[in-house]
Amino acid sequence: LVETFSRVLEVRLPLQAECSLHSPLMGNVVVECRFWPEFDAEGDVVSVSVQVRDMTSARRVAENYQALFTSMADGFALFEHLYRAHEGASSCTAHDFALVDMNPAFARMMELDEEGVVGHRLDEVLGKDAQLLAEESLAPVIHYAKPVLASFMCGERPIFVEISSY
């Protein structure tokens, strides 16, 4: 933290740092410190304001969420609707969505390689099943901003899929 404080004085810009502290009362604590230089009328740094935020519980929540995400039996995938030049179009295609993240259960159910498909477009990831997914569950969310529950039988994979889209 001393290094970050000194660096703020040197570069004259806000900076932040994170560190672990031990408190006899609270045990190990992770804190995020944000430093802002304060200037006088001549533009010299006269003081540095510091905001300290306890990140311990936020980290714990993130770790718990990650554990749930990777161990849950239900498949979960996050798709991003990509920018299209014709935003007013009334339909969405599987090419309009990219896979942002998925849990191991989704990868297993859809017979996907967990490492190699994130970032690819939906049609590249799911093949023929992608267009039905886009039409039945993703397009209505994009166009009407309402959650959708869709069910269908995959064409390429011998599985029945129920999808909740938000």
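Before any of the text, the structure's been laid out above.
Quick caveat, the model's predicted, so the values are computed rather than measured.

A. Helix α5 (residues 129–144), seen in detail. The terminal C-alpha atoms of α5 lie 22 Å apart, and with 16 residues this matches the ideal 22 Å at 1.5 Å per residue to within 8%. Largest kink in α5: about 45°, centred on L138, with the proline P140 one to four residues after it. Along α5, the residues that are buried comprise D129, A130, L133, A134, S137, L138, A139 and V141. Taken together, the buried residues of α5 touch β4 (77–81), β5 (97–102), α4 (122–126), β6 (148–153) and β7 (160–165). Looking at the residues trailing α5, positive phi occurs at A145, about 55°.

B. Focus on the sheet that holds strand β1 (residues 15–23). Ordered in space as β1-β2-β3, the three strands form an open sheet in which the pairing is antiparallel. Edge strands, defined here as strands with exactly one partner in the open sheet, are β1 and β3 (45–54). Each neighbouring strand pair of the sheet contributes to a mean axis angle of 30°, computed without reference to strand direction. Pairing geometry for β1 and strand β2 (residues 27–39), over nine bridges, is antiparallel. Among the inter-strand pairings, H22 is bridged to a residue of β2, identified as N28. Lying on the sheet, helix α1 (residues 2–11) is in contact with β1, β2 and β3; it crosses β1 at an angle near 165°. Along the sheet, helix α2 (residues 56–71) makes contact with β1, β2 and β3, crossing β2 at roughly 120°.

C. Here's a closer look at a nonpolar patch on the surface. A grouping of Y65, L68, F76, L78 and V100 is seen on the molecular surface, where their side chains present a nonpolar patch of about 450 Å² in accessible area. Inspection of the secondary structure puts V100 in strand β5.

D. Quick look at the pattern of salt bridges. In the structure shown here, the tally under the stated rule is four salt bridges. E32 is the salt-bridge partner of R34, the closest N and O atoms lying 3.1 Å from each other. Under the relative-accessibility criterion, R34 is labelled partly exposed at 30%. Judged by its relative accessible area of 8%, E32 falls in the buried class. The salt bridge partner of E32 is R53, with a shortest N-O separation of 3.9 Å. In this pair, E32 is assigned in strand β2 and R53 in strand β3, connecting sequence segments 21 residues apart.

Analysis parameters
- Residues numbered from 1 in each chain as written.
- Predicted model: local features only at pLDDT ≥ 70, side-chain atom pairs only at ≥ 80, totals over all residues.
- Heavy atoms only, no water.
- Helix = DSSP H or I, 4+ residues; strand = E, 2+ residues; numbered from the N terminus.
- Expected span 1.5 Å × (residues − 1).
- Bend = angle between axes of the 7 residues up to and from the residue.
- Buried < 20%, exposed > 50% of the residue type's maximum accessible area, 1.4 Å probe, protein only.
- Contact = heavy atoms within 4.5 Å.
- Pairing = 2+ DSSP bridges.
- Axes fitted to C-alpha atoms, helices over the stretch in contact; angles between N-to-C directions.
- Patch = residues over 30% accessible without salt bridge, like charges linked within 9 Å, V, L, I, M, F, W, Y side chains within 5 Å.
- Areas by Shrake-Rupley, 256 points an atom, 1.4 Å probe, with all protein chains shown as cover.
- Salt bridge = Lys/Arg side-chain N within 4 Å of Asp/Glu carboxyl O.

Everything listed here is a matter of coordinates, which is why it stays silent on function.
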